[in-house]
Amino acid sequence: MIRRILQVWPHPGTINALAVRYTLSGVLQGVVLVMLLPLLRALLSQPIRVDEALWWLVAIAVVGTAHLASVWWGHAVGYPAANRIMRDLQHDLGDHLGRLPLGWHVNQTPGRIARVVAQNTPSAAGIVSHVWPERIAAIATPATVALGVLVVDWRIGLAFLAAVPAAVLVMRWSAPIIRDTQCRMDQASEEAAAHAIEFAQAQPVFRATGRAGAGFAPMERALDEQRQAFRHALARHTLPQYAYVGIVQVGFTLVVVTGAWLATRGALAVPETVAILVLASRFIEPLTAIASLSGAIQVADVALERVSTILTASPLPEPVTGRSPAGHDIVLDSVCFGYEQTRVIDDLSAVIPAGRLTAIVGPSGSGKTTILRLIARFWDADRGAIRIGGADIREIPTPELMRTLAIVFQDTYLFDGSIEDNLRIAAPGATTQRLHRAAAAARLDDIVERHPDGWKARTGEGGIALSGGERQRVAIARALLKDTPIVLLDEATAALDPQNEAAVSAGISALVAAGRTVVIVAHKITTIQHADQILFLDGGRLVEAGDHDTLLSADGRYADFWRERHTAAEWSIRR
Ligand SMILES: Nc1ncnc2c1ncn2[C@@H]1O[C@H](COP(=O)(O)OP(=O)(O)OP(=O)(O)O)[C@@H](O)[C@H]1O
């Protein structure tokens, strides 16, 4: 466990300091307990040996004070260390999440990262601030007591130690059980949280389909699994818990019986016997604490493992000596890619000329969005290469690649801030004039003018306060403001009202007019028709390429697709 902490938080000096301070604290507490022996012997002797008792009382007070001081000394390292660990891990996670490929983020369930950052990092900090050091102290105290008693009477000392091997065995047996059940409970909680979020987000769909009260099977299954995981954990923990408590009780009984047996045989004086029995009852406390602290360590270790899984996830390899693109054309050269085993892009080659609008079209699931993601290096292609201005994107340092590209996806994310904040994120230092120009080109100024708060109008978390088309207009304005030579755009599929559709089209035209290389996964016939080049994909393969007129006259797959779209666009509702 400590190895894992050091892996994610490499400060062995602090960890060693904690170990030393808490061992000292545990030993001092043990010494106080052992000193009860001579004190009780002096108090229970006939006549009472007052001077000796006083002497031991003073000694106990001195060592007790030293113990208190050592506890404070331990906290003085542990508490600030916990704060530092939490801060460092959260910063490291933030930095690392920013370096991980975007493709890694695509496959995360909602809530997982939030859980790791907000819940698992405090658990990891808690291990260092108290759980692990307190276990060290809880081991050091009974070890010191057992050693002290061994000096007084080796037979009772052995009785004290008799239960230790069995207790260690039970702890070793229970550790993987606690880990496994904790992992299952964590997994189940994560699933339940993800489905609860999905359930909340899908409310409009449920209501629209008249299923508001009908429940949501995936969430019910996830909640059921969570309850089962909880019951399973309780059931599996019960036996080791009873076994441990039983062993501690047997150990205590053994000490009592040995003391009584020695006393009846005259081998141990009554004051010593009483003192040892008092000691035995205090000896049990830390032994019981060790079990619960060890369980807490296993639970926290699972949290630490989750933090470590993110921190050790590999970013995509960065080039040793980077190359800069010598232009802004994009070449896809025999690209193959699959998300898992299934191949989604199959030996695809195409040239996307600089400063032009290229539309990628094709049936649903044909790999259009995947192509955009591969150009933005969400993942690396399994085979083949993608080149921008002659440079393989794997040779372009990521910050430079990100300066070259702007990405506008269908599910545009807006922060819970003002429209202005959401634009400025693309170019924090942009002048107001530039900001307004970008907004005007994307027809965002309409929205700003309409809203009583203007630029300060809040977008809501995820852009909830804006319509889908309005969100895309913000995203296009962002891309214009970012001023990158290449723009990748996944056109909104949801029906846009004519005003929004016209505005989005105007934004795309503004991008092309500004000389950007625009690659768009296009769904609207107006966008497709005006593209300089159309790439028609099916099953991850490039089936046809050319401009609209050429492809129409070829009367192939694209022509069929176009006719279908055209017919669909002309559909009207008749009474
Ligand atoms: N993150 C992912 N993990 C696993 N499979 C994925 C992932 N994203 C997409 N896929 C699969 O890859 C295939 C291509 O998906 P992609 O989104 O590129 O298609 P598309 O042509 O853009 O579809 P659409 O027009 O419906 O948006 C689909 O079969 C899809 O199910």
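Everything here concerns the structure above.
Residues numbered from 1 in each chain as written. Predicted model: local features only at pLDDT ≥ 70, side-chain atom pairs only at ≥ 80, totals over all residues. Heavy atoms only, no water.

What follows is about the overall build of the chain. From N to C terminus, the chain includes 19 helices and ten strands. Buried residues in the chain amount to 47% of all 575 residues. If you sum the accessible surface of the chain, you get close to 28,100 Å²; carbon and sulfur atoms cover 59% of it. (Helix = DSSP H or I, 4+ residues; strand = E, 2+ residues; numbered from the N terminus. Buried < 20%, exposed > 50% of the residue type's maximum accessible area, 1.4 Å probe, protein only. Areas by Shrake-Rupley, 256 points an atom, 1.4 Å probe, with all protein chains shown as cover.)

With their axes 8 Å apart at the nearest point, helix H3 (residues 50-99) and helix H5 (residues 112-152) run at an angle of 150° to one another. Looking at the two axes, H3 sits roughly antiparallel to H5. In this structure, H3 crosses over H5, and the sense of that crossing is right-handed. Listed contacts from H5 to Gly78, Tyr79, Ala81, Ala82, Ile85, Met86, Leu89, Gln90, Leu93 and Leu97 of H3 are Ile113, Val116, Val117, Thr121, Pro122, Ala124, Ala125, Val128 and Ser129. Of the residues assigned to the contact of H3 with H5, the class counts are 15 nonpolar, four polar and no charged. (Axes fitted to C-alpha atoms, helices over the stretch in contact; angles between N-to-C directions. Parallel < 35°, antiparallel > 145°, perpendicular 65-115°, else oblique. Left-handed = near helix turned anticlockwise from the far one by under 90°. Contact = heavy atoms within 4.5 Å. Nonpolar A, V, L, I, M, F, W, Y, C, P; charged D, E, K, R; others polar.)

On the surface, Leu43, Leu44, Ile48, Val50, Leu54, Leu57, Val270, Val274 and Val278 cluster together to form a nonpolar patch covering roughly 740 Å² of accessible area. Those elements that provide at least two residues to the nonpolar patch are helix H2 (12-44), H3 and helix H9 (270-311). In this structure Val50 comes out as partly exposed when scored by relative accessible area, which is 49%. (Patch = residues over 30% accessible without salt bridge, like charges linked within 9 Å, V, L, I, M, F, W, Y side chains within 5 Å. Salt bridge = Lys/Arg side-chain N within 4 Å of Asp/Glu carboxyl O.)

Here the focus is the environment of Leu28. In this structure, Leu28 sits in helix H2. Ignoring sequence-local partners within four residues, the contact set of Leu28 consists of Val63, Ala66, His67 and Ser70.

Surveying the vicinity of the ligand reveals 13 residues, the closest of which are Ser364, Gly365, Lys368, Thr369 and Thr370. Between an oxygen atom of the ligand and a side-chain N or O atom of Thr369, the distance comes to 2.8 Å. Thr370 places a polar side-chain atom, nitrogen or oxygen, 2.4 Å from an oxygen atom of the ligand. About the coverage of the ligand: the protein hides 64% of its 640 Å² of free accessible area. If you tally residues by element for the shell around the ligand, the top one is helix H10 (residues 368-375), at four residues. (Near = heavy atom within 4 Å. Polar contact = N/O pair within 3.5 Å; in protein donor to acceptor, adjacent residues only side chain to side chain.)

A separate point is the sheet that holds strand E9 (residues 533-538). The six strands are arranged E6-E7-E8-E3-E9-E10 in an open sheet whose pairing can be described as mixed. Edge positions in the open sheet fall to strand E6 (405-408) and strand E10 (541-546), since each of these has one partner strand only. Here the average twist between neighbouring strands, direction ignored, is 15°. The pairing of E6 with strand E7 (residues 486-490) spans four bridges and is parallel. Bridge pairing in E7 places Ile407 opposite Leu488. Across the sheet, H10 is in contact with strand E3 (357-361), E6, E7, strand E8 (517-521) and E9; its angle to E7 comes to roughly 150°. Most of the contacts of helix H15 (residues 468-482) go to E6, to which it runs at about 175°, and overall it touches E6 and E7. (Pairing = 2+ DSSP bridges.)

As a further point, take the nonpolar core. Counting residues in each nonpolar core, the largest one holds 72 residues, and the members touching the most others are Ile5, Trp132, Val145, Ile156, Phe160, Tyr244 and Leu279. Of all elements in the fold, only helix H1 (2-8), H2, H3, H5, helix H6 (154-201), helix H8 (217-264) and H9 reach the threshold of two or more residues within this core. Take this core: its biggest share by element is 15 residues, from H9. Ignoring anything within four residues of it in the chain, the contact list for Phe160 reads Val145, Ala146, Val149, Val255, Ile276, Leu279, Ala280 and Phe283. Grouped together as the second largest cluster of nonpolar side chains are 45 residues, Ala430, Val448, Ala475 and Ala477 included. (Core = buried A, V, L, I, M, F, W, Y, C linked by side-chain atoms within 4.5 Å.)

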